[in-house]
Amino acid sequence: MQDMFPKMCDFFAGLSSVNLHSMTVFILACFVGYYVVWKVTPALHAPLMSVTNAISSVIIIGAISAVSIQLNSYVTVLGFLGIVLLSINIFGGFVVTYRMLKMFKK
Amino acid sequence: MGEILNLMSAVCFILSLKNLSSAATSIRGNLYGIIGMAFAVCVAFVGNNFSLSFIAIVIGGAIGIYVARKISMTQLPEMVACFHSLVGLSAVLIDCATFLSADSKGIDTITALEIALGTFIGAITFTGSLIAFLKLRGSYRGHAIPLYFNMGIAVVNALLIIAFCYSANSVSLSLLILFSLLLGLTLIVPVGGADMPVIVSMLNSYSGWAASGIGFTLSNDLLIITGAIVGASGAILSYIMCKGMNRSLIDVIFASGNNISASAQTKNKNRSFKSGAAEDAAFLLKNASSVIIVPGYGMATSQAQHALKEMGDLLKKNGTSVKYAIHPVAGRMPGHMNVLLAEANVPYEDVFELDDINSSFAACDVAYVVGANDVTNPAAKDDPSSSIYGMPILEVNKARTVIFLKRSMGTGYAGVENELFFAPNTMMLLGDAKKMTEEVVRAL
């Protein structure tokens, strides 16, 4: 229990230095997202959903860096699986969006 | 260099959504998304295991392209739900990988919190979307789960997150994953079918927050930005869907178990209604000067959009004005009806949203409703005791004649009887929407 105080100090010190940057980026991005998405025409809400699904798979870069960490084989397996699943999403998402948008264009 | 490419990638993603603001620029929007993704992946390749990653991408890409090309537009909602579950599962995998590879160095409390939250959201997205996928496919209908049960699991999860922040050991992480997966299941299992558009949008939002969570863990701004934008997008769609049903998000998530347990109100079992044949409908349509077509999920299940378009073209040739009216929650995901009509080449400018068309029903001769039950139910306006009271509806009952295509006289997804069926100016066409419409086309 006696190490609780220093741990909390660490926590808040950590919050104020490293994570304030991430938090700033996060909150500003929420605002950008809010204003951009309200402009999307309701007729295109289905493509909006499939394209956002595809771009949220950008976490694939986390999986790619996990694959190359040679610390243990578990990490590589997890990363490999992650890349496969997210590639399904990326390619599938963009292709199905393209199919939909082509219909609207006609 | 990598930082700059990542920044460009984030800008591309924002431009991608911005270009979806109109159909004319929308293809460019998709292209921006692809370019942004290519930048991001190229940066990730530098200094990492290229060959192994590339093999994984080829495998996943082949599956993704195959599925996306094969899927029919009717099955779109279930495919999107399935894709959401993949983002959730991957987020959990990446968090586990981060945890395992950082094990030797030790994890500080902040990183532990980020991993815990990311895993929590990712796991909920995974199992929640799987259940949504099964429900949208129609292979699972759902069970009622008491609210306190979900509350209990949520509390356990909160405790496990705190425990992991303190101990950062694999036992608490495994337990957290297990209980988050369980919470995802129990949250979505009781949700009623009519609420599916909200749930799909909500899971879309969760998958974004999960991506942001990974961004926090890896201190990667691109992931944070993308996740936040996707999260905001899903949240806005959920809000629009909720408004379309006059329900609060809290209500949909927590109180929806009633939808399944409540049986249909079958007080009027043997009431008389006017039913007609395709020829009668064709006669009415031929003599109408303005027709509004109202598509609902019935159109999607029977794939009637092509027959409808053919009927619309014949009527137009006859000098009739033909419009399409789309309710925000028609179908099983936002914008589902628009995609199906676009598939059948219905011109963009003939399709109207709820607010733009509702005043036109009073002046229209025939409203041709294709399996859109709850969104046209006048009980939403007149009957305060109805479960859908207050929901904005398409006022088809104001049209001179209503032709209602429906498979049977059963109730809609909300399980509420529709007074419209028994109105003197309604003619029911009972049968498959596609076959019926084709018969009408032949009779025209």
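Residues numbered from 1 in each chain as written. Chains lettered and ligands numbered in written order. Predicted model: local features only at pLDDT ≥ 70, side-chain atom pairs only at ≥ 80, totals over all residues. Heavy atoms only, no water.

### Considerations on the confidence of the model for chain A
Move 1: With 78% of its residues at a pLDDT of 70 or more, chain A shows a mean pLDDT of 85.
Move 2: The least confident element of chain A is helix α1 (residues 4–38) of chain A, whose mean pLDDT is 79; the most confident is helix α2 (residues 45–56) of chain A, at 94. (pLDDT = per-residue confidence, 0-100. Helix = DSSP H or I, 4+ residues; strand = E, 2+ residues; numbered from the N terminus.)

### So, the side chain of B:Ser85
All names here are of chain B.
Move 1: Within the secondary structure layout, Ser85 lies in helix α4 (residues 76–102).
Move 2: With a relative accessible area of 2%, Ser85 lands in the buried category.
Move 3: Among the polar contacts made by the side chain of Ser85, one reaches the main-chain carbonyl oxygen of Cys82 at a distance of 2.6 Å.
Move 4: Look past the residues within four positions of Ser85 in its chain and what remains in contact with it is Thr125, Phe126, Ser129 and Leu130. (Buried < 20%, exposed > 50% of the residue type's maximum accessible area, 1.4 Å probe, protein only. Polar contact = N/O pair within 3.5 Å; in protein donor to acceptor, adjacent residues only side chain to side chain. Contact = heavy atoms within 4.5 Å.)

### Quick look at the packing of helix α1 (residues 2–18) of chain B against helix α2 (residues 26–45) of chain B
Two measures define how a pair of helices packs: the angle their axes make with one another and the distance between the axes.
All names here are of chain B.
Move 1: Packing of α1 against α2 leaves a shortest axis separation of 8 Å and a crossing angle of 160°. Taken together, the axis directions place α1 and α2 in an arrangement best described as roughly antiparallel. The hand of the α1/α2 crossing is left-handed. Counted together, Gly2, Leu5, Asn6, Met8, Ser9, Cys12, Phe13, Leu15 and Ser16 of α1 and Gly29, Tyr32, Gly33, Ile35, Gly36, Met37, Phe39, Ala40 and Val43 of α2 form the full contact between these two elements.
Move 2: Class assignment for the residues of the contact of α1 with α2 results in eleven nonpolar, seven polar and no charged. (Axes fitted to C-alpha atoms, helices over the stretch in contact; angles between N-to-C directions. Parallel < 35°, antiparallel > 145°, perpendicular 65-115°, else oblique. Left-handed = near helix turned anticlockwise from the far one by under 90°. Nonpolar A, V, L, I, M, F, W, Y, C, P; charged D, E, K, R; others polar.)

### Here we look at a positive patch on the surface
Move 1: Among the surface-exposed residues, A:Lys39, A:Lys105, B:Lys18 and B:Arg28 lie close enough to one another that they form a single positively charged patch.
Move 2: By the element assignment, B:Arg28 lies in helix α2.
Move 3: Judged by relative accessible area, which is 46%, B:Arg28 ranks as partly exposed. (Patch = residues over 30% accessible without salt bridge, like charges linked within 9 Å, V, L, I, M, F, W, Y side chains within 5 Å. Areas by Shrake-Rupley, 256 points an atom, 1.4 Å probe, with all protein chains shown as cover. Salt bridge = Lys/Arg side-chain N within 4 Å of Asp/Glu carboxyl O. Lys, Arg positive; Asp, Glu negative; His and termini not counted. Charge placed at Lys NZ, Arg CZ, Asp CG, Glu CD.)

### Brief notes about helix α14 (residues 305–317) of chain B
Residues and elements named next belong to chain B.
Move 1: Taking 1.5 Å per residue, 13 residues should reach 18 Å; α14 reaches 18 Å between its end C-alpha atoms and fits that length.
Move 2: When we look at burial in α14, the residues that qualify are Gln305, Ala307, Leu308, Lys309, Met311, Gly312 and Leu315.
Move 3: Where α14 terminates, the next one or two residues include Gly319, which has phi positive at roughly 95°. (Expected span 1.5 Å × (residues − 1).)

### A few points about the pattern of salt bridges
Residue and element names in this part refer to chain B.
Move 1: Summed over all chains, the structure comprises six salt bridges over all chains.
Move 2: When the shortest N-O distance is used, the salt bridge between Lys316 and Asp350 registers 2.5 Å. One end of the pair, Lys316, is in helix α14; the other, Asp350, is in the loop between α15 (336–343) and β3 (351–353), and 34 residues separate them in sequence.
Move 3: We classify Lys316 as partly exposed; its relative accessible area is 34%.
Move 4: A residue is classified by how much of its surface remains accessible, and Asp350, at 12% relative accessible area, is buried.

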